[in-house]
2 protein chains.
Amino acid sequence: MSAPEIACWFDFASNYSYLSVLRLARQRDVIVHWKPFLLGPIFKEQGWDNSPFVLQQDKGDYVWKDMPRECAKYELPWRRPSEFPRRSLLAARVALLGEHQPWMAEFCARVMLANFEHDEDIGNEDVIAAILTGIGLDAGALLAAAHADDNKARLRARSAEAKALRIFGAPTFFVDTEMYWGNDRLADALALAKLG
Amino acid sequence: MSAPEIACWFDFASNYSYLSVLRLARQRDVIVHWKPFLLGPIFKEQGWDNSPFVLQQDKGDYVWKDMPRECAKYELPWRRPSEFPRRSLLAARVALLGEHQPWMAEFCARVMLANFEHDEDIGNEDVIAAILTGIGLDAGALLAAAHADDNKARLRARSAEAKALRIFGAPTFFVDTEMYWGNDRLADALALAKLG
């Protein structure tokens, strides 16, 4: 029997993606295909110029009550970011470089914790550089590669792929072609993956 | 120790409300304060003239894949309604009359099953009358009371209360003042209620 596999589409700015990325980073018995992407272009297609948690005030205020409860449930740290949503373009570009590298899960988890535990600006190059250095990587080389044209093109292609898959929010999981939206469906997605 | 209590705000047209109403109708150890209301005026405040599951096509199509999975999880029957969302005004008005009656849970469950198992038009007075008769009630008297001006005013007051509570979707639960949105939070809300 082959190891269970799951694809996790997530945005580093997304608070519910934070929960799922940290939960999946702990998993030892599942192969995670990390799919960093940007929600911005998806929301723009809906005619939204920001997160629905900003545009819909009642829902947005609720989310900040829901998050500490959810973090307690999953035993994850939590501090409400002083800025939301944070710019996730840089982190996404760096993460694209790590997708098939052994440092990917660690990098993603640390960026998420920077945003949602330490209230750091993950759009700031110094913050991302410190994370890369902290896990023993060459920050200068990776940031240069992140900004290269071919990598920018890869992120645009990722956005097109998200649209083709009809992804409308994050996190979104795929087990083969079965799609699950939201951290609340991660257990279901993992259960299906482990059946396979 | 007093019995645990939970308030359940729901719309008979809402598919995720269907899951929660059926789950709560089975509960024997919790006092449920049923709060039928209409999502329409809430959505209108957002500038939406229909359910987001209709207005956002990718999310809407996903929801009809999610529902059979969720119904299997909770061992509930499911058939996708041929019309969505159905008109829930009449059922809400009748339900207002039952809020403090012993038939309330049964009535709510049967209306939900008419919509989401039997694909019946719950906006049709004959359908609601048959449900009332089926549980041994005087359908004619209840429908007359449902259409009376004082009952219409009660539903308008319910909508105002929903807005004041900053409800933005359904189902929504309250345990004292703690708010939980969505069928995915029902277990959390019940857990808090049972601690109290």
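Just so it is clear, the structure is predicted and the values come from calculations on it, not from any experiment.

Rules of the game
- Position numbers for residues count from 1 along each chain, tracking the sequence in the order it is written.
- Written order determines the labels here, with chains lettered from A and ligands numbered from 1.
- Local features in this predicted model are restricted to residues whose pLDDT is 70 or higher, and side-chain atom pairs enter the listing and the counts only when it is 80 or higher, whereas totals over whole chains, interfaces and linings include all residues.
- Side-chain numbers come from the whole structure's heavy atoms, not from hydrogens or water.
- When accessible area is computed with a 1.4 Å probe and restricted to protein chains, residues below 20% of their type maximum are described as buried, those above 50% as exposed, and intermediate ones as partly exposed.
- Put simply, DSSP marks the helices as runs of H or I at least four residues long and the strands as runs of E at least two long, and each gets a number from the N terminus on.
- What makes two strands pair is DSSP finding at least two bridges between them.
- What counts as a salt bridge is simple: a side-chain nitrogen of Lys or Arg found within 4 Å of a carboxyl oxygen of Asp or Glu.
- Superposition of the copies was done by least squares, using only C-alpha atoms of residues whose pLDDT is at least 70 in both.
- Residue contacts are counted whenever heavy atoms from the two residues lie within 4.5 Å of one another.
- Working definition: rings of Phe, Tyr and Trp (its six-membered ring) pair if their centres are within 6.5 Å, and the pair is stacked with planes under 30 degrees apart, edge-to-face with planes over 60 apart, and tilted otherwise.
- Two limits define a charge over a ring: the Lys NZ or Arg CZ must be within 6 Å of the ring centre, and within 35 degrees of the ring normal.
- Multiply 1.5 Å by the residue count of a helix minus one, and that product is the helix's expected span.
- For every element, the axis is a line fit to its C-alpha atoms; helices are fit only across the contacting stretch, and the angle between N-to-C directions ranges from 0 to 180 degrees.
- The cut-offs work like this: below 35 degrees is roughly parallel, past 145 is roughly antiparallel, 65 to 115 is roughly perpendicular, and the gaps in between are oblique.
- Take the far helix as the reference: if the near one is turned anticlockwise from it by less than a right angle, the crossing is left-handed, and if turned clockwise, right-handed.
- By the convention adopted, Pro, Cys, Tyr, Trp, Phe, Met, Ile, Leu, Val and Ala count as nonpolar, Lys, Arg, Asp and Glu as charged, and the other residues, Gly among them, as polar.
- Buried area: the accessible area, evaluated with a 1.4 Å probe, that two parts lose upon being put together, summed over both parts.
- Identification of polar contacts relies on pairs of N or O atoms within 3.5 Å, with a donor-acceptor requirement for protein atoms, meaning one able to donate a hydrogen and the other able to accept it, and with residues adjacent in sequence counted only if both atoms are side-chain atoms.

A. Region of the structure containing the pairing of strand β1 (residues 5-10) of chain B. Residues and elements named next belong to chain B. For β1, the buried fraction is high: five of the six residues fall into the buried class. In this sheet, strand β2 (residues 31-36) lies alongside β1 in parallel orientation, the contact comprising six bridges. Bridging from a neighbouring strand, F10 pairs with P36 of β2. Where β1 and strand β3 (residues 172-175) come together, three bridges link them in antiparallel fashion. What sits directly across from C8, in β3, is F173.

B. Quick look at the pattern of salt bridges. Under the defined criterion, the tally for this structure stands at 35 salt bridges over all chains. Between B:R86 and B:D119 there is a salt bridge, and its shortest N-O distance comes to 2.9 Å. With B:R86 in the loop between α4 (57-73) and α5 (89-98) and B:D119 in the loop between α6 (104-116) and α7 (125-134), this residue pair connects regions lying 33 residues apart in the sequence. For B:R86, a relative accessible area of 5% translates into the label buried. Owing to a relative accessible area of 22%, B:D119 belongs among the partly exposed residues under this scheme. B:R87 is the salt-bridge partner of B:D121, the closest N and O atoms lying 3.0 Å from each other. One end of the pair, B:D121, is in the loop between α6 and α7; the other, B:R87, is in the loop between α4 and α5, and 34 residues separate them in sequence. Overall, B:D121 belongs to the partly exposed group, its relative accessible area being 23%. Among the charged side chains, a salt-bridge network with shared partners connects A:D66, A:R69, A:E70, A:K73, A:D184, B:E178, B:R185 and B:D188.

C. Structural detail: the relation of the copies chain B and chain A. Overlaying chain B with chain A gives an RMSD of 0.0 Å, the required rotation being 180° about an axis along which the chain moves by 0.0 Å. In short, the pair behaves as if placed about a two-fold rotation axis. Among all residues of chain B, the minimum C-alpha distance to the rotation axis is found for B:D184, at 3.4 Å. Same-surface contact between copies: 100% of interface residues of chain B are shared with the interface of chain A.

D. Local environment of the packing of aromatic side chains. For the structure shown, the criterion picks out 30 aromatic pairs over all chains. Here A:W181 and B:Y62 contribute two aromatic rings whose centre-to-centre distance is 6.4 Å and whose plane-to-plane angle is 90°, an arrangement assigned as edge-to-face. Taken together, the residues A:W181 in strand β4 (residues 178-181) and B:Y62 in helix α4 connect one chain to another. Relative accessible area serves as the criterion here: at 31%, A:W181 is assigned to the partly exposed category. The buried category is assigned to B:Y62, whose relative accessible area is 4%. Clustering of aromatic rings is evident, with ring pairs tying together A:F10, A:F12, A:W34, A:W103 and A:F107. Of note, B:R158 hangs over the ring of B:W9, and the distance from its end group to the ring centre comes to 5.5 Å.

E. Main features of helix α1 (residues 15-26) of chain A. Residues and elements named next belong to chain A. With twelve residues, α1 should reach 16 Å at 1.5 Å per residue; the first-to-last C-alpha distance of 18 Å fits that figure. Burial analysis of α1 places eleven of its twelve residues in the buried class, which makes it a mostly covered element. Within α1, the full set of buried residues consists of N15, Y16, S17, Y18, L19, S20, V21, L22, R23, L24 and A25.

F. Molecular detail of the packing of helix α1 (residues 15-26) of chain B against α6(B). All names here are of chain B. Two elements in contact, α1 and α6, have axes whose closest approach is 9 Å; the angle formed by their N-to-C orientations is 140°. Between α1 and α6, the angle falls in the class oblique. Regarding α1 and α6, the two cross each other, and that crossing is left-handed. Side by side, α1 and α6 meet where N15, S17, Y18, V21, L22 and A25 of the first sit next to A105, C108, A109, M112, L113 and F116 of the second. When its residues are assigned to classes, the contact of α1 with α6 shows ten nonpolar, two polar and no charged.

G. Just the interface of chain B and chain A, in detail. Listed per partner, the contact involves 22 residues of chain B and 22 residues of chain A. Interface of chain B and chain A: buried area, both sides summed, is about 2200 Å²; carbon and sulfur atoms make up 43% of it. On the chain B side of the contact with chain A, B:Y62, B:R166 and B:R185 bury the most area, a combined 27% of that side's loss. Summed over the shared surface of chain B and chain A, the number is 14 salt bridges. Between the two partners, chain B and chain A, sit 18 residue pairs in polar contact (both at pLDDT 80 or more). Here the side of chain B that touches chain A gets nine residues from one element, more than from any other, and that element is α4(B). The residue inventory of the side of chain B that touches chain A, partitioned by class, reads seven nonpolar, three polar and twelve charged.

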